[in-house]
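# Remarks on the overall topology
Residue strings, one per chain:
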Amino acid sequence: MTTILKVDNLVKNFGGLTAVSNVSLTLDNNELVALIGPNGAGKTTLFNLLTGVISPSSGAIIFHGDNGTISLNNKSATQIANLGLARTFQNIRLFSDLSVLENVLIALTNQYQESFIASIMRLPKYYHAEQQMREAALHLLKIFELDQQADQLARNLPYGIQRRLEIVRALATKPQILFLDEPAAGMNPEETADLSDLIKMIQRDFHITILLIEHDMSLVMNLAEKIYVLDQGSLLAQGTPSQIQQNSAVIKAYLGEEDDNAAN
Ligand SMILES: Nc1ncnc2c1ncn2[C@@H]1O[C@H](COP(=O)(O)OP(=O)(O)OP(=O)(O)O)[C@@H](O)[C@H]1O
Ligand SMILES: [Mg+2]
């Protein structure tokens, strides 16, 4: 296994609050890793640090991507996205008044940036690129069984399908690492089961690394090869699903209170 992302002693302070405290972790290529912990543990803050939404107070984020080793510490969210790290959000972020297809096309435009000049100058290349993008978007939608809804407005889709579209948009950027922030939140059991199959398929067919934040423990235990547990900003434990389920500190801080968390 080769490492694709290495986080060393990462810290994020918000005024007097340390939301992320000396967190170190490693993601390997094509690994499916879960990040769990109680509400307010710092999980989303860690995602925000790794994807450049906010910058760390201290520590290091090192990406070993296809184009070599790069520090992500001072990179913007756009630069990090272009390097191949994509995410979904805890609260769905779609262009609700655009169609399913348009939502994917917007995500795809990043990869066809050079065609922007061509589009302004109305070069034939522009029409070619546009056609390629439509084909790529429809191909992705078909894989995720959304091609029948391509012309529907995003806001008219059922909740679980909106979440799926968000994942498709993230994948359209051809990431090497996909960060999913509570993808099962608000889903019914059937949607959650579909999501579980979908995440497995993405790992297998897209050959990418996935870091998953989730409160649904059955989903986490079923999917993850490795689990990190955050509690009050610090790493409480790491290990395989069975190691985590048997870890007394984890049970005390988190798993024993699963019912409380499920209410949120
Ligand atoms: N921009 C910010 N400014 C100030 N405090 C923040 C900011 N973002 C997060 N926090 C605080 O950092 C802590 C960690 O929040 P975070 O959203 O990372 O938790 P979480 O583990 O994702 O929780 P949940 O499971 O509820 O989504 C919380 O106390 C939160 O209030
Ligand atoms: Mg969160």
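Described below are features of the structure shown in this document. For clarity, every value in this text was computed on a predicted model and none was experimentally measured.

## Looking at the overall build of the protein chain
In terms of regular secondary structure, the protein chain is built from 11 helices and 10 strands. Residues classed as buried in the protein chain amount to 49% of the 264 residues present. Counting only contacts in the protein chain whose residues sit at least 6 apart along the sequence, the fraction spanning at least 24 positions is 68%. For the protein chain, the exposed surface amounts to about 12,700 Å²; the carbon and sulfur share of it is 48%.

## What about the side chain of Lys 12?
Summarising the element assignment, Lys 12 is placed in strand β1 (residues 3-14). No salt bridge forms around the buried Lys 12; measuring N to O, its nearest opposite-charge neighbour Asp 181 is 16 Å away. In this structure, Lys 12 is in contact with Leu 17, Thr 18, Ala 19, Val 20, Thr 45, Leu 49, Ile 54, Ser 55, Pro 56 and Ser 57, ignoring residues within four places of it in sequence.

## Description of the coordination of the magnesium ion (ligand 2)
Within the protein, the magnesium ion (ligand 2) binds to Thr 44 (OG1) and Gln 90 (OE1); these donor distances fall in the range 2.0 to 2.2 Å. Taken together, the positions of Thr 44 in helix α1 (residues 43-50) and Gln 90 in the loop between β6 (85-87) and α3 (100-108) put the pair 46 residues apart, joining distant regions of the chain. Since its relative accessible area comes to 31%, Gln 90 is described here as partly exposed.

## Digging into the site of ligand 1
Taken together, 14 residues sit near ligand 1, with Gly 40, Lys 43, Thr 44, Thr 45 and Gln 90 positioned nearest. Asn 39 is positioned with one of its side-chain polar atoms (N or O) 2.9 Å from an oxygen atom of ligand 1. His 215 is positioned with one of its side-chain polar atoms (N or O) 2.9 Å from an oxygen atom of ligand 1. Relative to its unbound accessible area of 640 Å², ligand 1 is 61% covered by the protein chains. Take the shell around ligand 1: its biggest share by element is 3 residues, from α1. Tallied by class, the residues present in the shell around ligand 1 amount to 5 nonpolar, 7 polar and 2 charged.

## Side note on the packing of aromatic side chains
Under the definition given, this model contains 2 aromatic pairs. Ring plane angle 70 degrees and centroid distance 5.2 Å describe the contact between Phe 47 and Phe 179, whose orientation is recorded as edge-to-face. One end of the pair, Phe 47, is in helix α1; the other, Phe 179, is in strand β7 (residues 177-181), and 132 residues separate them in sequence. Taking the centre distance of 6.0 Å and the plane angle of 40 degrees together, the rings of Phe 144 and Phe 206 count as tilted. One end of the pair, Phe 144, is in the loop between α5 (124-143) and α6 (159-172); the other, Phe 206, is in helix α7 (residues 189-206), and 62 residues separate them in sequence. Under the relative-accessibility criterion, Phe 144 is labelled buried at 1%. For Phe 206, a relative accessible area of 25% gives the class partly exposed. For the cation-ring pair, Arg 93 lies above Phe 89, with the distance from its terminal atom to the ring centre recorded as 3.7 Å.

Procedures and definitions
- Residues numbered from 1 in each chain as written.
- Chains lettered and ligands numbered in written order.
- Predicted model: local features only at pLDDT ≥ 70, side-chain atom pairs only at ≥ 80, totals over all residues.
- Heavy atoms only, no water.
- Helix = DSSP H or I, 4+ residues; strand = E, 2+ residues; numbered from the N terminus.
- Buried < 20%, exposed > 50% of the residue type's maximum accessible area, 1.4 Å probe, protein only.
- Contact = heavy atoms within 4.5 Å.
- Areas by Shrake-Rupley, 256 points an atom, 1.4 Å probe, with all protein chains shown as cover.
- Lys, Arg positive; Asp, Glu negative; His and termini not counted.
- Salt bridge = Lys/Arg side-chain N within 4 Å of Asp/Glu carboxyl O.
- Donors = N, O, S within 2.8 Å, 3.2 Å for Na, K, Ca; no water.
- Near = heavy atom within 4 Å.
- Polar contact = N/O pair within 3.5 Å; in protein donor to acceptor, adjacent residues only side chain to side chain.
- Nonpolar A, V, L, I, M, F, W, Y, C, P; charged D, E, K, R; others polar.
- Phe/Tyr/Trp six-rings, centres within 6.5 Å; stacked < 30°, edge-to-face > 60°.
- Lys NZ or Arg CZ within 6 Å of the ring centre and 35° of its normal.

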